[in-house]
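# Commentary on secondary and tertiary structure
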Amino acid sequence: MKPKVFVSRIIPDQGLELVRQACDAEIWQDEMPPPHEVLLEKIRDKVGLLSLLTDRTDAALLDANPQLRVVSNMAVGYDNIDIKAATERGVPVGNTPGVLTEATADFAFALLMASARNIVQGADYVRAGKWKTWGPKLLLGADLAGATLGLIGFGRIGQAVAQRARGFNMRILYNDLRRVPEAEKTIGASFVDLDTLLKESDFVSIHTDLNAQSRHLFNAATFAKMKRGAILINTARGPIVDQTALYDALRNGHLRAAALDVTDPEPLPMDNPLHTLQNCLIAPHIASATDNTRGKMAEMAARNLIAGINGERLPTCVNPEVYDRK
Ligand code: DGY
């Protein structure tokens, strides 16, 4: 008999086929994620969970089934999972690092360019029939060449964004908990403290994970330190930005624009005032959304799941301490 697992949404075939071959899989068919209490019920007779970033995997869920052998998240981020609780219970948690680096960096850069050059506003202007003639001051944007890009977080994705910025002749600064001297040399980026980065950057792009330190890292005080007219890009996690403070900074013109692929919550309710601002571009968390990338993420998540149910070490495990305990 194949081991029973729960897959919390229909994921791309590259992953789903592997799961189906190796497991007796129950796959959640709805477009919306399973409510937490449903997930809790579903997991009771399963040994593995393939989850998405929309599924809260907390101690209650882990306790719903002490037989659970693995949680495999189809995302590089795992702030939806209580890692401490999983580790305490000896449950390995997998994620999907690496395969989404280029797609996410492409999208961060696309947001940067779209907000610098008013691409969405331009398209809306044309569609609304407002385009009457070539205008010498129509929809003027900001230059990239010679501008400074500040990266918050200089891991895989931050470095990939820096590589793109180099091609656009931008000056690149970064701030991270640790320095990456090799990448500084190859990419041509300089490490600076946070205040310097905020003060000197024309564009600030966030590539750090969400944790207690990064929650609301961008708040009223942070925005006040940013250069007047700067543009903020966030493709990491919504709660890193205090959205009320962002609204104020955009509204009073201190920031020129913001482009967010992530919000808090997701989706951002339609009555959120950020939706009223022309200079705030909001995308529906699609930075990794290419056929190829999502296929690879699904495959990686499936391989972690299958390794976990077979009692093997997960190829990409975020809490390898579980193996030391065994
Ligand atoms: C992740 O993987 O963490 C992204 O937010 C979605 O691809």
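Residues numbered from 1 in each chain as written. Predicted model: local features only at pLDDT ≥ 70, side-chain atom pairs only at ≥ 80, totals over all residues. Heavy atoms only, no water.

### Observations concerning the domain arrangement of the chain
To be explicit about the condition: What fixes the domain bounds is an automatic or database domain assignment. Buried area: the accessible surface (1.4 Å probe) lost by two parts on joining, summed over both.
Per the domain assignment, the segments making up the chain are domain 1 (4-99 + 291-325) and domain 2 (101-282). For domain 1 and domain 2, the distance between their C-alpha centroids amounts to 31 Å. Both faces considered, domain 1 and domain 2 share a buried interface measuring about 560 Å² in area, 47% of it formed by carbon and sulfur atoms. When the area that domain 1 buries against domain 2 is broken down by residue, the three leading residues are Leu 53, Asp 79 and Gly 98, summing to 58%.

### Comments concerning the packing of aromatic side chains
The description of two aromatic rings rests on the distance between their centres and on the angle between their planes. The test is simple: Two rings belonging to Phe, Tyr or Trp (six-membered ring only in the last case) form a pair when the distance between their centres is within 6.5 Å. Interplanar angles under 30 degrees mark stacking, angles over 60 mark edge-to-face geometry, and anything in between is tilted. Note on conventions: DSSP H or I runs of at least 4 residues are helices, E runs of at least 2 residues are strands, and numbering of each starts at the N terminus. Using a 1.4 Å probe on the protein chains alone, a residue whose accessible area is under 20% of its type maximum counts as buried, one over 50% counts as exposed, and one in between counts as partly exposed.
Evaluation of the coordinates by the stated rule reveals four aromatic pairs. Ring centres of Phe 109 and Phe 168 lie 4.9 Å apart, and the angle between their planes is 40 degrees; on these two criteria the pair is classed as tilted. Here Phe 168 lies in the loop between α7 (156-167) and β7 (171-175) and Phe 109 lies in helix α5 (residues 101-116), a separation of 59 residues in the sequence. On the accessibility criterion, Phe 109 (5% relative accessible area) is buried. Look at Phe 168 and you get partly exposed, because its relative accessible area is 33%. Taking the centre distance of 4.0 Å and the plane angle of 15 degrees together, the rings of Phe 154 and Tyr 174 count as stacked. Within this pair, whereas Phe 154 is found in the loop between β6 (148-152) and α7, its partner Tyr 174 is found in strand β7, the two being separated by 20 residues in sequence. Cluster of aromatic residues (ring-pair linked, three or more members): Phe 154, Tyr 174 and Phe 191.

### Notes on the pairing of strand β3 (residues 48-51)
Rules: Whether two strands pair depends on DSSP finding at least two bridges between them.
With burial as the criterion, each face of β3 is covered, one bearing Gly 48 and Leu 50 and the other bearing Leu 49 and Ser 51. Two elements, strand β1 (residues 4-7) and β3, share three bridges in a ladder whose sense is parallel. Bridging across to β3, Val 7 finds its partner in Leu 50. As defined by bridge partners, β3 adjoins strand β4 (residues 70-73) across four bridges and the pair is classed as parallel.

### Notes on the sheet that holds strand β12 (residues 280-282)
Definition in use: Every axis corresponds to a line fitted to the C-alpha atoms, with the helix fit spanning only the stretch in contact, and the corresponding angles, defined between N-to-C directions, vary from 0 to 180 degrees.
Pairing within the open sheet is parallel, and its seven strands lie in the order β8-β7-β6-β9-β10-β11-β12. A single partner strand is all that each edge strand has here, and the edge strands are β8 (189-191) and β12. Averaged over all neighbouring strand pairs, the angle between strand axes comes to 20 degrees, with direction disregarded. Bridge analysis of β6 against strand β9 (residues 203-206) gives four bridges, and the strand direction is parallel. Bridge pairing in β9 links Ile 152 to Ile 206.

### What to know about the site of the ligand
Rule in force here: The nearness test applies per residue and asks whether one of its heavy atoms lies within 4 Å of the molecule or strand. Whenever a nitrogen or oxygen atom comes within 3.5 Å of another N or O atom, the pair is scored as a polar contact, on the condition that within protein one atom can donate a hydrogen and the other can accept it, and that pairs from neighbouring residues in sequence are kept only if both atoms are in side chains. In short, Shrake-Rupley with a 1.4 Å probe defines the accessible areas, and a residue's cover is counted only from the protein chains shown. Each residue is assigned to one of three groups, with Ala, Val, Leu, Ile, Met, Phe, Trp, Tyr, Cys and Pro labelled nonpolar, Asp, Glu, Lys and Arg labelled charged, and all others, Gly among them, labelled polar.
Every residue near the ligand is listed here: Leu 53, Ala 75, Val 76, Gly 77, Leu 100, Arg 237, His 285, Ser 288 and Met 297. Taking Arg 237, its side chain carries an N or O atom lying 2.7 Å from an oxygen atom of the ligand. Within the side chain of His 285, a nitrogen or oxygen atom sits 2.7 Å from an oxygen atom of the ligand. For the ligand, whose free accessible area comes to 230 Å², the fraction covered by protein is 90%. Classifying every residue of the shell around the ligand gives five nonpolar, three polar and one charged.

### Observations regarding a nonpolar patch on the surface
To be explicit about the condition: Patch membership is restricted to residues that have no salt bridge and whose relative accessible area is over 30%. Joining uses 9 Å for like charges and 5 Å for the nonpolar side chains Val, Leu, Ile, Met, Phe, Trp and Tyr. Salt bridges are defined as contacts in which a side-chain nitrogen from Lys or Arg sits within 4 Å of a carboxyl oxygen from Asp or Glu.
Together, Val 126, Trp 131, Leu 138 and Leu 139 line one region of the surface with nonpolar side chains, adding up to about 370 Å² of accessible area. Examined against the element boundaries, Leu 138 turns out to sit in the loop between α6 (119-127) and β6.

### Structural notes on the nonpolar core
To be explicit about the condition: Throughout this description, the term nonpolar core refers to a set of buried Ala, Val, Leu, Ile, Met, Phe, Trp, Tyr and Cys residues connected via side-chain atoms within 4.5 Å. Working rule for contacts: check all heavy atoms of both residues, and any pair within 4.5 Å makes them a contact.
Phe 154 and Phe 203 are the most contacted members of the largest nonpolar core, which has 59 residues in total. For Phe 154, the residues in contact, after removing those within four places along its chain, are Gln 159, Ala 162, Tyr 174, Asn 175, Asp 176, Val 180, Ala 183, Glu 184, Ile 187 and Ala 189. Among the nonpolar cores identified, the runner-up in size contains 28 residues, and Ile 206, Met 226, Ala 230 and Ala 245 belong to it.

### Structural notes on the sheet that holds strand β2 (residues 24-27)
With parallel pairing, five strands are arranged side by side in an open sheet as β2-β1-β3-β4-β5. With one partner strand each, in any of the chains shown, β2 and β5 (93-94) form the two edges of the open sheet. Across the sheet, helix α12 (residues 291-309) lies against β1, β3, β4 and β5, angled at about 175 degrees from β4, the strand it touches most.

### Quick word on the packing of α7 against helix α8 (residues 181-188)
The test is simple: Roughly parallel means an angle under 35 degrees; roughly antiparallel means over 145; roughly perpendicular covers 65 to 115; every other angle is labelled oblique. Take the far helix as your reference; a near helix turned counterclockwise from it by less than a right angle gives a left-handed crossing, and one turned clockwise gives a right-handed crossing.
Where α7 meets α8, the axes come as close as 10 Å, and the angle between the chain directions of the two elements is 20 degrees. As summarised for this structure, α7 and α8 are arranged roughly parallel, according to the angle between their axes. Crossing hand, α7 versus α8: right-handed. Between α7 and α8, the contacting residues are Gln 159, Ala 162, Gln 163 and Arg 166 on the first element and Ala 183, Thr 186 and Ile 187 on the second. The class makeup of the residues in the contact of α7 with α8 is three nonpolar, three polar and one charged.

### A look at the pattern of salt bridges
Using the criterion set out here, one finds 19 salt bridges in the structure. Across the pair Arg 56 and Asp 58 runs a salt bridge, and its minimum N-O distance is 2.6 Å. Under the relative-accessibility criterion, Arg 56 is labelled partly exposed at 47%. Judged by its relative accessible area of 15%, Asp 58 is buried. Between Arg 89 and Glu 88 there is a salt bridge, with the nearest N and O atoms lying 3.8 Å from each other. One continuous salt-bridge network, built from bridges that share partners, spans Lys 4, Glu 26, Lys 42, Asp 45 and Lys 46.

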